[in-house]
Amino acid sequence: METWDREALKREALEQSRIRWAAKRREQMFQSAQELKQATFERDCGAVPQLAWARQYVEHWDEMCRENMGLLFWGPSGTGKTYAAACIANALTEQAVVVQMITLGDALVQLFGMSGEERVRYLNSLTTCGLLILDDFGVERRTPYAREQVYEIVNRRYLSGRPMVVTTNLTLEELKNADRDDSRIHDRVLERCVPVCFDGTSLRQEKTAERVKRMQTLLTGGSPAD
């Protein structure tokens, strides 16, 4: 009994350590987007059918990782791409997978102020993590400097043999028919990431409409105005 108790206590301590680690990782990952910490498959209400791809990706993570297979969520703004990517990030973090979810705009800002070893450490963190999620790919500024930094991030990841999940408002045609400077970036993403189209109603617009109705109800003390 004593031996069993020691083993049970050890497992409990490891589980508590995992929970604390996962909470810390989520806090670091979503510093500027706190609501994404709550993005989970359990909260899915069926509004985004493409979330099934994200769920299956997590369920088959070992195979996805081994085969270096990623996902490319593309489609109009507000259709749930970032939410789906955050669900993947949170679910894998709970499994103790090191996930980095960034926007390239934020990455460029950080890199601009870095030099030497700090820059190397940051790029290595994006290269060696279990899964790299690039959110809002393609909205960053298209300057020569920006292109070179984006290329370095994507190419390092490509050469590492580790998977990426990418979200973008660009269409597949735009990704496939980019100019020479962008095509060397897009080609690497398209080679490693299976495209999934998000073409539903904008969830942001629906939520905005709901908030407007709710505010009208609160302000008038009755039913929302027509």
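In case you missed it, the structure is sitting above this.
Residues numbered from 1 in each chain as written. Predicted model: local features only at pLDDT ≥ 70, side-chain atom pairs only at ≥ 80, totals over all residues. Heavy atoms only, no water.

Asks: Lay out the nonpolar core with the relevant residues and their values.
Replies: Phe-73, Ile-88, Leu-131 and Val-165 are the most contacted members of the largest nonpolar core, which totals 31 residues. Elements supplying a minimum of two residues to this core: helix 2 (51–59), helix 3 (61–66), strand 1 (70–74), helix 4 (81–94), strand 2 (99–103) and strand 3 (131–137). Look past the residues within four positions of Leu-131 in its chain and what remains in contact with it is Tyr-57, Trp-61, Ile-88, Leu-92, Val-98, Val-99, Gln-100, Arg-157, Pro-163, Met-164 and Val-165. Counting residues in hydrophobic clusters, the runner-up holds 28 residues, among them Leu-111, Val-150, Leu-170 and Leu-175. (Core = buried A, V, L, I, M, F, W, Y, C linked by side-chain atoms within 4.5 Å. Buried < 20%, exposed > 50% of the residue type's maximum accessible area, 1.4 Å probe, protein only. Helix = DSSP H or I, 4+ residues; strand = E, 2+ residues; numbered from the N terminus. Contact = heavy atoms within 4.5 Å.)

Asks: Outline helix 7 (residues 144–160), listing residues and values.
Replies: The periodicity of an α-helix, 3.6 residues per turn, causes residues three or four places apart in sequence to face the same way. For helix 7, with 17 residues, the first-to-last C-alpha span of 24 Å sits near the 24 Å given by 1.5 Å per residue. Every buried residue of helix 7 is accounted for by Ala-146, Arg-147, Gln-149, Val-150, Tyr-151, Ile-153, Val-154, Asn-155, Arg-157 and Tyr-158. Looking at the packing, one finds that the buried side of helix 7 touches helix 5 (104–112), helix 6 (116–128), strand 3, strand 4 (164–168) and helix 9 (180–192). Where helix 7 terminates, the next one or two residues include Gly-161, which has phi positive at roughly 75 degrees. (Expected span 1.5 Å × (residues − 1).)

Asks: Go over the environment of Arg-147 with me, naming the residues and quoting the values.
Replies: Structurally, the position occupied by Arg-147 is in helix 7. Sequence spacing of Arg-147 and Ile-185 is 38 residues, and the spatial spacing of their C-alpha atoms is 8.5 Å. When residues no more than four places from it in sequence are discounted, the contact partners of Arg-147 are Arg-142, Asp-179, Asp-181, Asp-182 and Ile-185.

Asks: Provide a residue-level description of the packing of aromatic side chains, including the pertinent values.
Replies: Across all of its chains, the model carries three aromatic pairs by this definition. Centre to centre, the rings of Phe-112 and Tyr-145 are 6.0 Å apart; their planes meet at 90 degrees, and the pair counts as edge-to-face. Remark: Tyr-145 occurs in helix 7 and Phe-112 occurs in helix 5; sequence separation between them is 33 residues. In this structure Tyr-145 comes out as partly exposed when scored by relative accessible area, which is 36%. (Phe/Tyr/Trp six-rings, centres within 6.5 Å; stacked < 30°, edge-to-face > 60°.)

Asks: How would you summarise unusual backbone geometry if you had to cite specific residues and measurements?
Replies: Even without a glycine there, the phi angle at Ala-96 is positive, about 70 degrees. Residue placement: Ala-96 occurs in the loop between helix 4 and strand 2. With relative accessibility at 44%, the residue Ala-96 sits in the partly exposed group. The backbone of Asp-136 shows a phi angle near 60 degrees, a positive value even though the residue is not glycine. Within the secondary structure, Asp-136 is located in strand 3.

Asks: Before we move on, can you summarise the sheet that holds strand 1 with the specific residues and values?
Replies: Sheet strands pair via backbone hydrogen bonds, and the direction of the pair is either parallel or antiparallel. Spatial ordering of the open sheet is given by 2-3-4-1-5, a layout of five strands whose pairing is parallel. At either end of the open sheet lies a strand with only one pairing partner, and these are strand 2 and strand 5 (193–197). Between one strand axis and the next, the sheet turns by 15 degrees as a mean value, whatever way the strands run. Bridge count between strand 3 and strand 4: four bridges; the pairing is parallel. Its bridge partner being in strand 4, Ile-133 is matched across the sheet by Val-165. Contacts from helix 2 reach strand 1, strand 3, strand 4 and strand 5 within the one sheet, and its direction differs from that of strand 1 by about 165 degrees. (Pairing = 2+ DSSP bridges. Axes fitted to C-alpha atoms, helices over the stretch in contact; angles between N-to-C directions.)

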